[in-house]
Amino acid sequence: MPSAPIIPFPALACPLDGNALEPHGASWRCAAGHSFDVASQGYVNLLPVQNKRSRDPGDSKEMIAARRRFLEAGVYQPIAQAVTEATLAGLSPESTADCLDAGCGEGYYLRQLATAAKGRGQALALLGLDISKWAVLAAAKQDSHTRWVVGSNANLPVLPGTLDRVLCMFGFPVYPEFARVLRPGGLLIQVDAGPDHLRELREIIYPSLKPERPASPAAPAGFRALPAAEPVRYTLALSSPEQIADLLVMTPHLYRASAEGRARATTLTHLSLTVDVRLTRFERNCAEAAKVEA
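What this report covers is the structure whose coordinates are included nearby. If you're wondering where the values come from, they're calculated on a predicted model, not measured in any experiment. (Residues numbered from 1 in each chain as written. Predicted model: local features only at pLDDT ≥ 70, side-chain atom pairs only at ≥ 80, totals over all residues. Heavy atoms only, no water.)

A word on unusual backbone geometry. With a phi angle near 55°, Phe170 is a residue other than glycine that sits in the positive phi range. Following the sequence through the fold, Phe170 ends up in the loop between β9 (163-169) and α5 (175-181). Classification of Phe170 as partly exposed rests on a relative accessible area of 32%. Its identity as a non-glycine residue notwithstanding, Leu198 has a phi of 55°, on the positive side. Structurally, the position occupied by Leu198 is in the loop between β10 (182-193) and α6 (199-205). (Helix = DSSP H or I, 4+ residues; strand = E, 2+ residues; numbered from the N terminus. Buried < 20%, exposed > 50% of the residue type's maximum accessible area, 1.4 Å probe, protein only.)

Okay, the sheet that holds strand β2 (residues 22-24) next. Strands sit in the order β2-β3-β4 across an open sheet of three strands; the sheet is antiparallel. The open sheet has two edge strands with one neighbour each: β2 and β4 (35-37). Here the strands of the sheet are splayed against their neighbours by 30° on average, with no regard to which way each runs. Here strand β3 (residues 27-29) runs beside β4; their pairing, made up of three bridges, is antiparallel. The partner of Arg29 across the bridge, within β4, is Ser35. (Pairing = 2+ DSSP bridges. Axes fitted to C-alpha atoms, helices over the stretch in contact; angles between N-to-C directions.)

We now examine the pattern of salt bridges. Taken as a whole and assessed by the stated rule, the structure comprises 13 salt bridges. When the shortest N-O distance is used, the salt bridge between Asp59 and Arg67 registers 2.9 Å. Residue Asp59 is classed as partly exposed on the basis of its relative accessible area, which comes to 23%. Here Arg183 ties to Asp98 by a salt bridge, and the two come within 3.1 Å at their closest N and O atoms. Within this pair, whereas Arg183 is found in strand β10, its partner Asp98 is found in strand β6 (residues 97-102), the two being separated by 85 residues in sequence. (Salt bridge = Lys/Arg side-chain N within 4 Å of Asp/Glu carboxyl O.)

Below, the discussion takes up the packing of helix α1 (residues 61-72) against helix α7 (residues 241-250). One can describe the packing of α1 onto α7 by two numbers: an axis separation of 8 Å at closest approach and a directional angle of 130°. Judged by the angle between their axes, α1 and α7 are oblique. Taken as a pair, α1 and α7 cross one another with a handedness that is left-handed. Between α1 and α7, the contacting residues are Glu62, Met63, Ala66, Arg67, Arg69 and Phe70 on the first element and Gln243, Asp246, Leu247, Val249 and Met250 on the second. By residue class, the composition of the contact of α1 with α7 is six nonpolar, one polar and four charged. (Parallel < 35°, antiparallel > 145°, perpendicular 65-115°, else oblique. Left-handed = near helix turned anticlockwise from the far one by under 90°. Contact = heavy atoms within 4.5 Å. Nonpolar A, V, L, I, M, F, W, Y, C, P; charged D, E, K, R; others polar.)

Counting residues in hydrophobic clusters, the biggest one holds 58 residues, and the most contacted among them are Phe70, Tyr76, Ile79, Leu124, Leu236 and Leu247. With six residues, the single largest contributor to this core is helix α3 (residues 108-120). With residues near it in sequence (within four places) discarded, Phe70 still touches Val75, Tyr76, Leu236, Leu238, Gln243, Asp246, Leu247 and Met250. Among the nonpolar cores identified, the runner-up in size contains 27 residues, and Leu12, Val44, Val166 and Leu182 belong to it. (Core = buried A, V, L, I, M, F, W, Y, C linked by side-chain atoms within 4.5 Å.)

The subject of this paragraph is the packing of aromatic side chains. This structure, assessed with the given rule, holds five aromatic pairs. Where Phe70 meets Tyr76, the ring centres are 5.4 Å apart and the plane angle is 85°; that geometry is what we call edge-to-face. An identical accessibility class is assigned to Phe70 and Tyr76; each is buried. With centroids separated by 6.5 Å and ring planes inclined at 80°, the aromatic side chains of Tyr175 and Phe282 adopt a geometry described as edge-to-face. One end of the pair, Tyr175, is in helix α5; the other, Phe282, is in strand β13 (residues 271-284), and 107 residues separate them in sequence. Residue Tyr175 is classed as partly exposed on the basis of its relative accessible area of 24%. Site record: aromatic cluster; members linked through ring pairs are Tyr175, Phe178, Phe223 and Phe282. (Phe/Tyr/Trp six-rings, centres within 6.5 Å; stacked < 30°, edge-to-face > 60°.)

Keep in mind these values describe shape, not function.
Right, here's the structure in full:
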């Protein structure tokens with residue numbers, strides 16, 4: 001089977017007025033004249049200053065570097081495999097499927113998806129979006145076949161009804177925006193931490209664990225829930241202080257833990273962890289989508 005093409009997603013929208021963006025040399029422009037330069041690394045910043053809540057929103061440069069080292073070691077490969085299978089299921093090999101990773105980080109999951117799709121002859125048009133410029137910069141340096149964009153899930157710079165798949169990996173879902181950009185019958189694939197995810201680390205850095213909130217079975221407005229996938233659950237062995245430090249830095253636990261909890265973590269030389277991840281699939285409701293389009 002010949003390798004299928006992976007191309008940059010083309011249907012970008014102006015974050016200021018929602019008009020279609022068109023490429024013009026080293027920039028993207030809309031009909032109203034708004035222009036956004038393409039950085040030398042190949043990504044484009046579509047997060048207007050007025051939409052930022054801080055000067056440098058999202059994950060820091062240090063968090064992105066730690067996540068890249070941790071993920072490239074392959075420790076979350078089973079998660080990537082489950083997401084890839086859910087994403088490619090049901091796609092037609094005769095056409096190019098459009099896919100967004102909303103909160104893409106440094107691009108690990110999209111790169112895994114692209115590799116699998118090429119091997120199966122499935123063409124994809126890929127878009128990776130993150131509010132952190134450091135995440136998008138790191139992603140763009142590693143992969144020039146995907147469109148990489150600095151932007152916000154609260155105002156996706158994507159034209160309506162142009163996506164077949166939206167991934168939200170441990171992120172911040174904005175369901176009205178996901179519904180707007182998905183085609184009728186398109187899928188939202190959401191990955192969240194299960195009740196035991198990284199429990200052993202959390203027991204070390206927190207004085208006590210908060211009760212887990214039950215997973216909501218209800219589908220968001222505009223979607224219908226598909227049968228639940230089996231949780232991704234396995235044991236992970238970290239064998240060096242550096243790997244443990246990277247895991248702590250790449251997660252919100254670094255900032256939520258007390259100074260005493262962080263100090264306890266720095267004394268660890270090895271750690272056995274439970275990985276417990278929920279994968280939820282929602283289908284864009286065709287009837288609801290038709291109402292919106294009308």
